[in-house]
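Next come the chains, spelled out residue by residue.
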Amino acid sequence: MASSPPSGSPSSKEKKYDRQLRLWGANGQNRLERAHIALFGATATGCEVLKNLILPSIGRFTVIDDKLVEQADLGVNFFLDQDSLGKPRAERAAALLGELNPDVAGGFRIDNLESILSNTPGLLDPRTTEFTHLLLMSPIPTPLLLQLPAEIPIFFVHSLGFITSLRIYAPTHTIIEIHPDSLVDLRLFNPWPELSEFALEKTSTLDVPESEGGMGDHEHGHIPYVLLLLKYLEDWKQSHQGHLPGSYSEKTLFKSMIMDRMRTGVPGGIEENYVEAVNAVMGDLRTAELSSGTKEVLNDPECQSITSQTDEFWIIARAVKDFAGSNNALLPLSGAMPDMKAESRGYVALQNLYRAKAYSDAAAVERIVRDYMNRVQHPKRNQIDRDAIQLFCRHSNFLRRLNYRSIADEFSNSNEQHKGVVLGALGDWDVESSLIHHYIALRAYQEFYTGHGRAPGDTSHESCEEDYQEIRRIICEYLKGIGYPESLPERCEKVAKEIVRAGGGELHVTASLAGGIVAQEVIKIITRQYVPINNTVIFDGIGSRTQTFEL
Amino acid sequence: MVGAGGIGCELLKNLVLTGFGEIHIVDMDTIDLSNLNRQFLFGMQHIKKSKAMVAKETAGKFNPNVKLEAHHANIKDPEFNVKWFGGFNVVFNALDNLEARRHVNKMCLSADVPLIESGTTGFDGQVQVIKRGKTECYDCTHKATPKSFPVCTIRSTPSQPIHCIVWAKSYLLVEIFGTSEESSPDLDPTEDSENSREIANLKREAEELKNIREKMDSPDFAATVFNKVFRDDINRLRSMDEMWKSRKPPEALDHQMVSDEAKGIDAKVSENDQKIWSLVENYIMFEDSLRRLAERVLDMKRDQVGDEAAPIITFDKDDEDTLDFVAASANLRSLVFGINVKSKFDIKQMAGNIIPAIATTNAITAGLCVLQAFKVLRDDFTSARTIFLSRLADRAFCTEKPSPPNPTCGVCSVARTAIEADIERATLGDLLDNVLRDGLRYGGEITVMTSQLLYDCDFDDNIDRTLKGLGFSEETFVTVVDDEDDPRINLEVLVTNTQLPEDSTPITIPAYFEIPKKSSAKLETPEPSSLNGNSANGSATKRSIEEVIGSDELDQSNGPDTKKLRRDIVVEDRVPASAKKLGKMPATEMDDIVVIDDDGTITID
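Residues numbered from 1 in each chain as written. Chains lettered and ligands numbered in written order. Predicted model: local features only at pLDDT ≥ 70, side-chain atom pairs only at ≥ 80, totals over all residues. Heavy atoms only, no water.

Novice: Could you clarify how one ought to interpret the overall build of chain B in this entry?
Specialist: Tallying secondary structure elements over chain B gives 15 helices and 16 strands in all. Taken across its 605 residues, chain B has 60% of its residues classed as buried. By sequence separation, contacts in chain B at least 24 residues apart represent 67% of the contacts at least 6 residues apart. Per element, the accessible surface of chain B, about 25200 Å² overall, is 48% carbon and sulfur. (Helix = DSSP H or I, 4+ residues; strand = E, 2+ residues; numbered from the N terminus. Buried < 20%, exposed > 50% of the residue type's maximum accessible area, 1.4 Å probe, protein only. Contact = heavy atoms within 4.5 Å. Areas by Shrake-Rupley, 256 points an atom, 1.4 Å probe, with all protein chains shown as cover.)

Structure below.
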């Protein structure tokens, strides 16, 4: 699915980013280029994530790490070389990563999360911070995670041996461009007056034979199928007390009614536009309905009372809601139309009709937006972005709002929704293949690290078996806490052993793969396009599988 | 590693840091600006240099213990023969086109080397393990070949924008600035065999255009070309009444008229590549780009030395001059035929076979390739997986068990043997009599072919010709089809050219082995070394990614995002492995094969 790229003639920059502009367009690229990413922990995985963000050109990055480069780093981290040995990891990683793309500004800070939170909290204070997104590489003690501000999106990553997990937290995340397969909405059951009139006019002599002054074969075979359907729907209503063909059997009848009107004495024996009309009956003939995502957005409390603080997204959403309220519950028209058999002139005329309607719907929404903004003296009332409103209207039935559960709630042990998800996964019929065990074991790993200040199975301690027993104890306690009635699942034990054996160590392949998975989600969040994972994805490199949970 | 592009760069980094011993990199491409958003082993300073060479140089620094070898060459070159492929433990395909993928698939099957095949497009990707006799091969399922169009559709009766774009790119640009002898893969002459009169006309028109080409330095060059292709040729077409009975006839354009309208308008108005250009804007861009291209050719001609080949310009989506010319010419033709006009941005994608690409998908795909390689190197094909990546939020990717070979696959489900022949002395008769009839006990009813038919029971003209005369090279695959009742499955004979002593027979004879009947091909075979792919009952499934990769056209309505990936998830066996510090944990049944040494490298035993 291609998005619109920046306008104007292609510069060398557009050429360089051409292949990705076709995925997220100028809108997405602009957002990417305004992002400033902080990486906590210059681990192999952290550097791989950053690599995949620097290449497509985020605005800035800052690597934060307080360790020195060791021999062990060189074997797994592509962004630390022989010359880096003994030097600060943050400095060396920032330098080597910076070489990837001269368009990106890079920096480093020899520091760690704990000392920043206690000594220079302004760095992470939402009112003063320069960072737009935080990448956090495990291990990080849980209490530090809980001190992070709720206003900044965070990506917390574990990468141990062949296992990886990503936990996303973001403040309410709204998406306009989810990139659906198609934006087409033909409004065949709810045509607006101009469309009905146009259809009537173009099809007035449709069923009259040419010999009786009706339409010639050429024209007949080039009436766009949209107009055919509108015409025959009118005919159907006449013979069905004004009802539309809604059920499967009615639609089947309606199809044969269209087939009966097709001229078969033409070259080839069929008319393509009629075939297209018949093929569209099942899919395109439907009453306009709000998608569940759009319903969530329009019913969100943010929409209900507009103030001068309300974000533009919610003001436009409210305007769309009001628009639909006075428009028979119909959303603004997208204006998109599929290709169809038609004469070029006829197609363009029809396309213009859809576009004009989409334009006037968006203009109506814009008036409502203006009203609200003036009423509340919104600071942006004099810079209303018409393109943004049109984009919103075009996608108005594909909106999405994600409310991420906070990390505090996940770790509170009393969050009912969290418990429900874990117990549900443990009780699933195919629990044997579920990656929920990986989550439970990683959670125990997190708690172990928080309590002991080191990874279980760490080489500095000759106590693997003890560490394993401790992890096992933590898991049992957690399961008991969420009300799991049975004994420790065997799969949990196996994964826990694997994690202890990893000893907190990374593998390059896993790091690289995790770098791809994590960066992909970061890009979705930054560009506000496509639907990101909510809220955890686990990857198991042994089975080459992933699974997501809302934990 | 075949291909050092998006997946290739990631793969090479992973292989080097994982500590593989020796890696060969083959890629014939050079580095382009549009590669740099993901192919991180390359920088600005490497543009126009060999991908294979630069990749080796950059990645090599990170692990001096790995032996790297780069080949800036086409994987189809004869140096990469079956023996060469046979020298590897595993081959990775990180290619961007169907033809090369199929070639490597065939070579790996013949050499019996496991292949890890991969591809990406946008957020979608796929990884597949291919091993002779154990999994399906690349050709076990149907792959959509790049679209080609009948010549008459392109030259006489276009009905879609793509027809006009192909016309501009593969006909007009080629006739004026390229070498027209080159047959274009976009054009398929076979479908027009009944249309010989029109074909003759089209041939004459192309000749006329070639004559105009001689006047490239004349001031009315643009007017002459314009009137030729948008007026005279169109009027000629329009006069053929029978052609327009069920179609709208084209409307010719006149240079005088259009250029009058364009007077005083700057060529800059056409610079916006998002906008749908008007007739006049298209005209201005046509004239301007034609002038730029002609100046380039004339400059090159001035610099030409001696009997060097005449300078030519070929289409390159990143060459603005050729792209402008193709966009404007295609749109003018669309206007003539009443077809929708497209923006330059869209035309670039359609003409340039552009597939969206980003670093993240490549990183995930390459990582999965290496994880599969760990299994392949342990000969553990039961836990190898086929993986589909998608942008769907509920699951980053889907994993399934590889399908068994398709018993009707003409590429992998064949019997195999290899012989040597002195191709200058050995005749087709020697091959038929000595190898097939005496050696392998074939009857009279057989069909023998290479890429062309050599022999069947109604065609024995070639019997006395030497193999060399029949186009055999250093290494040639011969397919033998049994035409008897209850036939044997197809046989693939690999013929390697060798100097054999003058006084000996010019061809070696393989030991007889049982080739199974087609009717029993689904049964277990006792002859694993000469036969594969016969213990299968798997069904061929359509794979979405390949349909997109290598496809000629990727339009928005039918792009990769609309394709649905297969979603069935396989419940699988557990594979033991550990990450670090082996031996610290009590031994369990999970004891592993992949071991991380203290220096961070992985050894596999």
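Once you've had a look at it, read on.
Novice: What is the right way to read the side chain of B:N331 from this model?
Specialist: All names here are of chain B. The topology assignment puts N331 in helix 11 (residues 320-337). The class of N331 is buried, set by a relative accessible area of 2%. Aside from chain neighbours lying at most four places away, what touches N331 is W277, N282, V341, K342 and I347.

Novice: Would you mind going over helix 15 (residues 312-325) of chain A with me for this structure?
Specialist: Note: α-helices contain 3.6 residues per turn, so residues at a spacing of three or four share the same orientation. Residues and elements named next belong to chain A. Helix length check: helix 15, at 14 residues, gives a terminal C-alpha distance of 20 Å against a target of 20 Å (1.5 Å per residue), a fit within 8%. For helix 15, a buried count of ten out of 14 residues is recorded, marking the element as mostly surrounded by other parts of the structure. Buried-residue contacts for helix 15 involve strand 7 (173-175), helix 13 (292-298), helix 14 (301-304), helix 16 (344-375), helix 17 (386-394) and strand 8 (400-402). Its side-chain oxygen at 3.0 Å from the backbone nitrogen of F313, D311 defines the N-terminal cap of helix 15. (Expected span 1.5 Å × (residues − 1). Polar contact = N/O pair within 3.5 Å; in protein donor to acceptor, adjacent residues only side chain to side chain.)

Novice: Looking at this model, I keep getting lost on the sheet that holds strand 3 (residues 91-93) of chain B. Mind explaining?
Specialist: Pairing between the strands of a sheet comes from backbone hydrogen bonds, and it takes one of two forms, parallel or antiparallel. All names here are of chain B. Pairing in this open sheet of five strands is mixed, and the strands run 3-4-5-8-9 from one edge to the other. Each edge of the open sheet is held by one strand with a lone partner, namely strand 3 and strand 9 (397-400). On average, each strand axis in the sheet is tilted by 10° relative to the strand beside it, whichever way the strands run. With three bridges connecting them, strand 5 (residues 124-130) and strand 8 (residues 386-389) associate as antiparallel partners. Of the residues in strand 8, the one forming a bridge with G125 is L389. In this fold helix 4 (residues 98-111) packs onto strand 3, strand 4 (115-121) and strand 5, with an angle of close to 165° to the strand it touches most, strand 4. (Pairing = 2+ DSSP bridges. Axes fitted to C-alpha atoms, helices over the stretch in contact; angles between N-to-C directions.)

Novice: How do you make sense of the packing of helix 20 (residues 436-452) of chain A against helix 22 (residues 490-502) of chain A when you look at a structure like this?
Specialist: What describes two packed helices is the angle between their axes and the distance between those same axes. All names here are of chain A. Interaxial distance between helix 20 and helix 22 falls to 8 Å at its minimum, and their mutual angle equals 50°. Here helix 20 is positioned oblique relative to helix 22, judged by the angle of their axes. Here the hand of the crossing between helix 20 and helix 22 comes out right-handed. In contact with H437, H438, I440, A441, L442 and Y445 of helix 20, helix 22 contributes R491, C492, V495, A496 and I499. (Parallel < 35°, antiparallel > 145°, perpendicular 65-115°, else oblique. Left-handed = near helix turned anticlockwise from the far one by under 90°.)

Novice: Looking at this structure, I do not really get the pattern of salt bridges. What am I missing?
Specialist: The final tally for this structure, using the stated rule, is 67 salt bridges over all chains. The salt bridge partner of A:R109 is A:D111, with a shortest N-O separation of 2.9 Å. A salt bridge links B:R291 to B:D288; its shortest N-O distance comes to 2.5 Å. Residue B:R291 and its partner B:D288 are both found in helix 10 (residues 279-302); the two are separated by three residues, about one turn of the helix. Overall, the relative accessible area of 17% leaves B:D288 in the buried class. A single network of salt bridges, built from pairs that share partners, joins B:D288, B:R291, B:R292, B:E295, B:R296, B:D319, B:E320, B:D321, B:D324 and B:K344. (Salt bridge = Lys/Arg side-chain N within 4 Å of Asp/Glu carboxyl O.)

Novice: Before we go on, may I ask you to explain the UniProt feature "binding site: Zn(2+)" (unreviewed entry) in chain B in this structure?
Specialist: Residue and element names in this part refer to chain B. Under the present numbering, the feature "binding site: Zn(2+)" (unreviewed entry) in UniProt falls on C137, C140, C409 and C412. For the residues just named, distributed over 276 residues, the greatest C-alpha separation is only 8.4 Å, placing them together at one site. Its location among the elements puts C137 in the loop between strand 5 and strand 6 (149-150). Judged by its relative accessible area of 1%, C137 falls in the buried class. (UniProt positions renumbered as here; feature names shortened; annotations may be inferred.)

Novice: Help me understand the sheet that holds strand 12 (residues 453-455) of chain B in this model?
Specialist: Residues and elements named next belong to chain B. Strand order in the open sheet formed by five strands is 10-14-13-11-12, and the pairing between neighbours is mixed. The strands lining the two open edges of the sheet, one partner per strand, are strand 10 (415-421) and strand 12. Strand-to-strand twist in this sheet, taken as the mean axis angle between neighbours without regard to direction, amounts to 30°. Here six bridges tie strand 13 (residues 475-482) to strand 14 (residues 491-497), and the two strands are oriented antiparallel to one another. Within strand 14, the residue paired with V478 across the bridge is V493. Helix-sheet contacts for helix 4 involve strand 10, strand 13 and strand 14, and the interaxial angle to strand 13 is about 80°. The strands touched by helix 14 (residues 428-439) are strand 10, strand 11 (446-449), strand 12, strand 13 and strand 14; relative to strand 11, the strand with the most contacts, the crossing angle is about 125°.

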